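Descriptive analysis of the structure
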Amino acid sequence: MKTALITGVAGQDGSYLAEFLLEQGYTVHGLARRIEGGAIWRLAPLLAESDETERRFFLHEGDILDAGFLRRLIDETQPDELYNLAGQSHVGLSFVQPARTMAVIATGTAMVLEALHAHCRASGRQVRFYQAGSSEMFGASPPPQNEDTPFHPRSPYGVAKLAAHNATAVYRDAYGLFACNGILFNHESPRRGENFVTRKVTLAAARIAAGMQDRLALGDLSVRRDWGHAADYVRAMWLMLQQEEPEDFVIATGQSHAIGELLEIAFGQAGLDWRRHVVADPACRRPLEVDHLCGDAGKAARLLGWRPTIGFEALIAEMMEADLARLGLQPVQAAQPAPRLMTA
Ligand code: F7E
């Protein structure tokens, strides 16, 4: 059976991908930068596996910016597939910490690629490589965005992701590395970090319903995003590496929504009117905004047979249910439609 190495395994996508690959029968090695202080809470069910002899998930602590460590890790784990998900993933934070964002995403990806290339050359092994790209690279290019849309990033995060994307293509062209860039649009879940707008909203709505807070401060409400479910998106990562030829793919639902719609669904599930609680806070705005992302994943549908299975409303409902449940609450059930009257 195959072995996979996932950098950034402790993040939302890393945890879903590890679970998915284990279900496919893989042995999975995951790299996390920190394993203390609650940093690996998403991996708790995988680490709780009781039978040591059955164990197929292994956690490693270390930094992708440490070249020697990285090379050793690849040599020792001998992966068939390497998924590079490590990085600072918050766009707003990248304006505050641009150099760190560039280092871990752009330089970090170059270091992973170089370590992998050196490993393949020395061992004669073939290792397939997935790079976690982002729709944030499209930035100011108007929707719908697909693989042919010009990149026009509008954040240090987008710039760093674009450098990593280009580096991946260079290693593919220069050395014949089987390397794929996934260009993933926003993808969420109950495991989303609390500083991303979907989770910030669902968590606040649950807390307001529980009487723990009254206000939710948000930034620019005029933007539109194409939000999918992370569980669907990690399946696309894997599918890319199962193809005969390495290629780049946009992964998206093809539908964009306003933050007002997100608020409507989340607060509605908590039995609340968001207009009574949401306040505009300039501190939550970014120096530069990406106005509208809406992806065209037609290529992924044609070549990978990939389609999202969870729509926006079901996604936000699942997140709401999880955040309410953490506080001992349940969602307000949508009213049942009245039965149709039969007419003669
Ligand atoms: O913001 C606006 C904010 O932080 C979405 C990451 O996964 O997707 C994600 O990046 C929108 C932005 O995600 C607040 O300005 C308004 O326009 O949830 P977000 P993001 O920036 O789109 C891409 C594809 C990635 O690759 C990234 O890693 O919502 N917004 N008010 C706010 N956003 C936040 N976080 N907080 C607010 O209060």
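Throughout what follows, the structure given in this document is the object of discussion. Here the structure is a predicted model, which is why all the values come from computation and not from measurement.

Thoughts on the overall build of the protein chain
Counting secondary structure elements, the protein chain contains eleven helices and 13 strands. Computed over C-alpha atoms, the radius of gyration of the protein chain comes to 21 Å, within 12% of the 20 Å expected from 2.2 N^0.38 for 344 residues, which places it in the range of a compact globule. Considering the protein chain as a whole, with its 344 residues, one finds that 53% of them fall into the buried category. Sequence separation of at least 24 residues holds for 80% of the intrachain contacts in the protein chain that already meet a minimum separation of 6. Working note: accessible area of the protein chain is about 15800 Å², and carbon and sulfur atoms make up 51% of it. The positive charge centre, built from 33 side chains, and the negative charge centre, built from 41, are 3 Å apart in the protein chain.

A short note on the pairing of strand β6 (residues 179-184)
Of all six residues that make up β6, six are buried, and the element is covered over most of its length. The alternating pattern of β6 places Ala179, Asn181 and Ile183 on one face and Cys180, Gly182 and Leu184 on the opposite face, and all of these are buried. In this structure, strand β5 (residues 128-134) lies alongside β6, joined through six bridges in parallel fashion. Paired with Ala132 across the two strands is Gly182, which belongs to β6. Direction of pairing for β6 relative to strand β11 (residues 249-251): parallel, over a ladder of three bridges. What sits directly across from Gly182, in β11, is Phe249.

Brief notes about the packing of aromatic side chains
Under the defined criterion, the tally for this structure stands at seven aromatic pairs. Taking the centre distance of 6.0 Å and the plane angle of 40 degrees together, the rings of Tyr83 and Tyr130 count as tilted. One end of the pair, Tyr83, is in strand β4 (residues 81-84); the other, Tyr130, is in strand β5, with 47 residues separating them in the sequence. Residue Tyr130 is classed as buried on the basis of its relative accessible area, which comes to 0%. Geometrically, the ring pair formed by Phe138 and Phe185 is tilted, given 6.0 Å between the ring centres and 35 degrees between the ring planes. Here the residue Phe138 occupies a position in the loop between β5 and α6 (156-175), and Phe185 occupies one in the loop between β6 and β7 (187-188), the gap between them amounting to 47 residues. Phe185 matches Phe138 in its accessibility class, with the two residues each being buried.

Notes on the pattern of salt bridges
Counted according to the given criterion, the structure contains 16 salt bridges. In this structure, Arg192 engages Glu188 in a salt bridge whose closest nitrogen and oxygen atoms are separated by 2.7 Å. For Arg192, a relative accessible area of 13% puts it in the buried group. In this structure, Arg224 engages Glu261 in a salt bridge whose closest nitrogen and oxygen atoms are separated by 3.8 Å. Taken as a pair, Arg224 in strand β9 (residues 224-225) and Glu261 in helix α9 (residues 259-269) lie far apart in primary sequence, 37 residues in all.

The rules behind the values
- Residues numbered from 1 in each chain as written.
- Predicted model: local features only at pLDDT ≥ 70, side-chain atom pairs only at ≥ 80, totals over all residues.
- Heavy atoms only, no water.
- Helix = DSSP H or I, 4+ residues; strand = E, 2+ residues; numbered from the N terminus.
- Rg over C-alpha atoms; globule rule 2.2 N^0.38 Å.
- Buried < 20%, exposed > 50% of the residue type's maximum accessible area, 1.4 Å probe, protein only.
- Contact = heavy atoms within 4.5 Å.
- Areas by Shrake-Rupley, 256 points an atom, 1.4 Å probe, with all protein chains shown as cover.
- Lys, Arg positive; Asp, Glu negative; His and termini not counted.
- Charge placed at Lys NZ, Arg CZ, Asp CG, Glu CD.
- Pairing = 2+ DSSP bridges.
- Phe/Tyr/Trp six-rings, centres within 6.5 Å; stacked < 30°, edge-to-face > 60°.
- Salt bridge = Lys/Arg side-chain N within 4 Å of Asp/Glu carboxyl O.

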